[in-house]
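Observations on the model geometry
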Protein chains: 2
Amino acid sequence: MQNDVSVFEVGPRDGLQNESVLLPVEQKVALIHKLVDGGLKHVEIGSFVHPKWVPQMADTDEVARTIEKKPGVAYWALVPNMRGLERAIDAGIKHVAFFMSSSETHNQKNINRSISESLVAMEELFKLALSEKLQIRAYISTVFGCPFEGEVDFDRVLKIGDRLLELGAQQISLGDTTGMGRPLQVQEGSKRAVERWDSDRVALHLHDTSGLGQTNAFAGYLSGIRAFDSSVGGLGGCPYAPGAPGNLATQTLVNLLESLGRPTGISRDSLRETTQWLEDDIGFNLTQRRSL
Amino acid sequence: MQNDVSVFEVGPRDGLQNESVLLPVEQKVALIHKLVDGGLKHVEIGSFVHPKWVPQMADTDEVARTIEKKPGVAYWALVPNMRGLERAIDAGIKHVAFFMSSSETHNQKNINRSISESLVAMEELFKLALSEKLQIRAYISTVFGCPFEGEVDFDRVLKIGDRLLELGAQQISLGDTTGMGRPLQVQEGSKRAVERWDSDRVALHLHDTSGLGQTNAFAGYLSGIRAFDSSVGGLGGCPYAPGAPGNLATQTLVNLLESLGRPTGISRDSLRETTQWLEDDIGFNLTQRRSL
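Just so you know, these numbers come straight off a predicted model, no measurement behind them.

**As for the sheet that holds strand β8 (residues 227-230) of chain B**
Residues and elements named next belong to chain B. Strand order in the closed barrel formed by eight strands is β1-β2-β3-β4-β5-β6-β7-β8, and the pairing between neighbours is parallel. Here the average twist between neighbouring strands, direction ignored, is 25°. Pairing between strand β2 (residues 42-47) and strand β3 (residues 74-78): five bridges, direction parallel. Its bridge partner being in β3, glutamate 44 is matched across the sheet by tryptophan 76. Strands β4 (95-101) and β5 (135-141) of the sheet are contacted by helix α5 (residues 104-111), whose axis makes an angle of about 125° with β4.

Below, the structure is given as structure tokens:
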């Protein structure tokens, strides 16, 4: 991971998994190719979650095998458990992202485990991933608020992050899973995380559900955050707020980073074209959804 | 003007003057009433510019006479010259806003005067306004960039502001007229202005043309700005970028201020309803325009 700003494109995973439309493999592959052609160096291409839970991601093995991999690009996949990790390894994935929540209730509902059980499970997963020389990212969800519990204690977030880094994660992605984060809160949390772990070991995963995504990204930037997750065209809604925007749109993020004097190497024209393609050829309605 | 956050609604003036649709007096009056009913305490109701230049504002006299004025609400009007000021006084206006640019070229093209000529003209205007016990606001345009000159020297902005305050303006509104401002630049300029003049004597007038309006508002807030101009639904496009967003939308601003723990007393539901009314009954297409 670079020292300058990084953009992690999560559209093909976090985006698509929150859309009701199921894309065939060739369209997913086309989307990933377009993103990489547009200059993205980190693309999360899918997840190895059980298809019963996330049918949108059932064919990630095939997607991973079909894409043409460009040197210098990291093709990430989300992995929930040992079975998923084995599938990822079989499919030739070199970059894996694990996830857990900083809210007990959210973790229980989402993963069916307590936070401490999740941390125990991570130990095994990371061990195998490291023995296979995979790069490891760890998402911590709901760090700025949980739809079930409300406020989340940021000390707990930091302790979970400490443990995940200790176990071998290269980067923690702090997830504002439902877009509840407020700018001053994001600024403060980011400051604590960056001071504790260092800029290159922490990313912000922001959602625009409350219409504060870009401003929260700026708040994080001011605290030293240099890696951000986003989704082309804001692909992906919010499971807790139907019709609302989901992930921060990659073009909104790139626009911000450029305005801060941080070129990303990502073509905004290309992002616009890919968004147009998602709307015209696949049938998503992304432009409407982004407005407050 | 209060010490807490203030929102200056400029939709009926800066918004409508940049729309090609001409509204009849009764619709303008209805818009102003809706805004005040929604909790806005500062509304710019129109301008007394010559109708040859801004036909959208030809009937501001009648608008000013027709609106029902609520106590505690300031009904502002924009005034370009002595003739306009006399019309404003005749129409019973108690709050006047004057304007000039911090870019020589923009001032010349917009007002047909040099900056120093504008400052001389202000002297006369302010004198009459003060003798009539009017409240005075002064807009300085293009402070974060000029479409003709590019970068604008912020020292010049500060010197113009000094003079306007000295002449009797109660507040300077720093105008990012075409939305060229970048967050770190807005943060720095706002800091200098607040340190020099104090929070209650400076406002930010932001446009969302580059998709950075809310983030720039946050940047200004971090530097102590507590007064912001905005337009309901983002009414008003950008004369230099057809189809692009214009003024920062009032709901986007109110959303931000609330997320910063600064309640505004403005109902977001009401703003949404007024925007819907502007779209359905008047025929504006505001939602589309706000997206990047």
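**Topic: the packing of aromatic side chains**
Tallied over the full model, the rule gives seven aromatic pairs over all chains. When the ring of Phe98(A) is compared with that of Phe126(A), the centres are 5.1 Å apart and the planes differ by 35°; the resulting orientation is tilted. Separated by 28 residues along the polypeptide, Phe98(A) in strand β4 (residues 95-101) and Phe126(A) in helix α6 (residues 115-131) bring together distant segments of the chain. Like Phe98(A), the residue Phe126(A) is buried in the burial classification. With centroids separated by 5.9 Å and ring planes inclined at 55°, the aromatic side chains of Phe8(B) and Trp76(B) adopt a geometry described as tilted.

**Here we look at unusual backbone geometry**
Phi at Lys133(A) is positive, roughly 60°, even though this residue is not glycine. Residue placement: Lys133(A) occurs in the loop between α6 and β5 (135-141).

**Some words on the nonpolar core**
Within the largest apolar cluster, 180 residues are counted, with the highest numbers of intra-cluster contacts made by Leu164(A) and Leu164(B). Apart from the residues lying within four places of it in its own chain, the contact partners of Leu164(A) are Met100(A), Leu119(A), Met122(A), Phe126(A), Ala138(A), Ile140(A), Ala169(A) and Ile172(A).

**Details of the pattern of salt bridges**
Pairs may arise between side chains of opposite charge once their charged atoms sit close together. What the rule picks out here adds up to 30 salt bridges over all chains. A salt bridge links Glu258(A) to Arg268(A); the nearest nitrogen and oxygen atoms lie 3.5 Å apart. Pair noted here: Glu258(A) is in helix α10 (residues 250-259) and Arg268(A) is in helix α11 (residues 268-282), with a separation of ten residues, a long-range link. Under the relative-accessibility criterion, Glu258(A) is labelled partly exposed at 34%. Its salt-bridge partner being Lys191(B), residue Glu195(B) comes within 3.5 Å of it at the nearest N-O pair. Within this pair, Glu195(B) and its partner Lys191(B) are both found in helix α8 (residues 183-197), separated by four residues, close to a single helical turn. With relative accessibility at 60%, the residue Glu195(B) sits in the exposed group. Each of Arg13(A), Asp14(A) and Glu44(A) takes part in a single network of salt bridges with overlapping partners.

**What to know about helix α7 (residues 154-167) of chain A**
One full turn of an α-helix is made of 3.6 residues, so residues set three or four places apart face in the same direction. Residues and elements named next belong to chain A. In this model, α7 (14 residues) spans 20 Å end to end at C-alpha, consistent with the 20 Å of a helix rising 1.5 Å per residue. Among the residues of α7, those classed as buried are Phe154, Val157, Leu158, Ile160, Gly161, Leu164, Leu165 and Leu167. Tucked into the core, α7 has its buried residues touching β4, α6, β5, β6 (171-175) and α8 (183-197). The N-cap of α7, judged by a side-chain oxygen 3.1 Å from the amide nitrogen of aspartate 155 a few residues on, is aspartate 153. With its phi angle positive at about 125°, glycine 168 sits one or two positions after the end of α7.

**A look at the environment of Ser267(B)**
In this structure, Ser267(B) sits in the loop between α10 (250-259) and α11 (268-282). For Ser267(B), the side chain forms a polar contact with the main-chain nitrogen of Ser270(B), separated by 2.8 Å.

**Examining the pairing of strand β8 (residues 227-230) of chain A**
All names here are of chain A. Alternating residues of β8 divide into Ala227 and Asp229 and Phe228 and Ser230, and every residue in both groups is buried. In terms of strand pairing, strand β1 (residues 6-9) meets β8 through four bridges, oriented parallel. Within the sheet, the bridge partner assigned to serine 6 lies in β8 and is alanine 227. What joins strand β7 (residues 202-205) to β8 is helix α9 (residues 213-222), and the crossover it makes is right-handed.

**A short note on the environment of Phe144(B)**
All names here are of chain B. For phenylalanine 144, the location among the structural elements is in the loop between β5 and α7 (154-167). What makes phenylalanine 144 buried here is its relative accessible area of 2%. Here the alpha-carbon distance between phenylalanine 144 and threonine 177, two residues 33 residues apart in the chain, equals 8.2 Å. Excluding anything up to four places from it in sequence, phenylalanine 144 contacts Phe154, Gly175, Asp176, Met180, Gly181, Gln185, Val186, Gly189 and Leu204.

**Details of the environment of Gly261(B)**
Tracing the backbone through its elements, the reader meets Gly261(B) in the loop between α10 and α11. A relative accessible area of 57% means that Gly261(B) is categorised as exposed.

**Describing the side chain of Thr209(B)**
Residue and element names in this part refer to chain B. Structurally, threonine 209 can be placed in the loop between β7 (202-205) and α9 (213-222). Given a relative accessible area of 16%, threonine 209 falls into the buried group. A polar contact of 3.1 Å, which involves the side chain of threonine 209, links it to the backbone oxygen of proline 245.

**A short note on the packing of α7(B) against α8(B)**
Residues and elements named next belong to chain B. Contact geometry for α7 and α8: axes closest at 11 Å, N-to-C directions at 30°. On the basis of the axis angle, α7 is roughly parallel to α8. As α7 runs across α8, the sense of the crossing is right-handed. Counted together, Phe154, Asp155, Val157, Leu158, Gly161, Asp162 and Leu165 of α7 and Gly189, Arg192, Ala193, Arg196 and Trp197 of α8 form the full contact between these two elements. Here the contact of α7 with α8 is composed, by residue class, of six nonpolar, two polar and four charged.

The rules behind the values
Residues numbered from 1 in each chain as written. Chains lettered and ligands numbered in written order. Predicted model: local features only at pLDDT ≥ 70, side-chain atom pairs only at ≥ 80, totals over all residues. Heavy atoms only, no water. Pairing = 2+ DSSP bridges. Helix = DSSP H or I, 4+ residues; strand = E, 2+ residues; numbered from the N terminus. Axes fitted to C-alpha atoms, helices over the stretch in contact; angles between N-to-C directions. Contact = heavy atoms within 4.5 Å. Phe/Tyr/Trp six-rings, centres within 6.5 Å; stacked < 30°, edge-to-face > 60°. Buried < 20%, exposed > 50% of the residue type's maximum accessible area, 1.4 Å probe, protein only. Core = buried A, V, L, I, M, F, W, Y, C linked by side-chain atoms within 4.5 Å. Salt bridge = Lys/Arg side-chain N within 4 Å of Asp/Glu carboxyl O. Expected span 1.5 Å × (residues − 1). Polar contact = N/O pair within 3.5 Å; in protein donor to acceptor, adjacent residues only side chain to side chain. Right-handed = clockwise from strand over helix to strand, strands pointing away. Parallel < 35°, antiparallel > 145°, perpendicular 65-115°, else oblique. Left-handed = near helix turned anticlockwise from the far one by under 90°. Nonpolar A, V, L, I, M, F, W, Y, C, P; charged D, E, K, R; others polar.

Any functional reading would require information beyond the geometric quantities listed.
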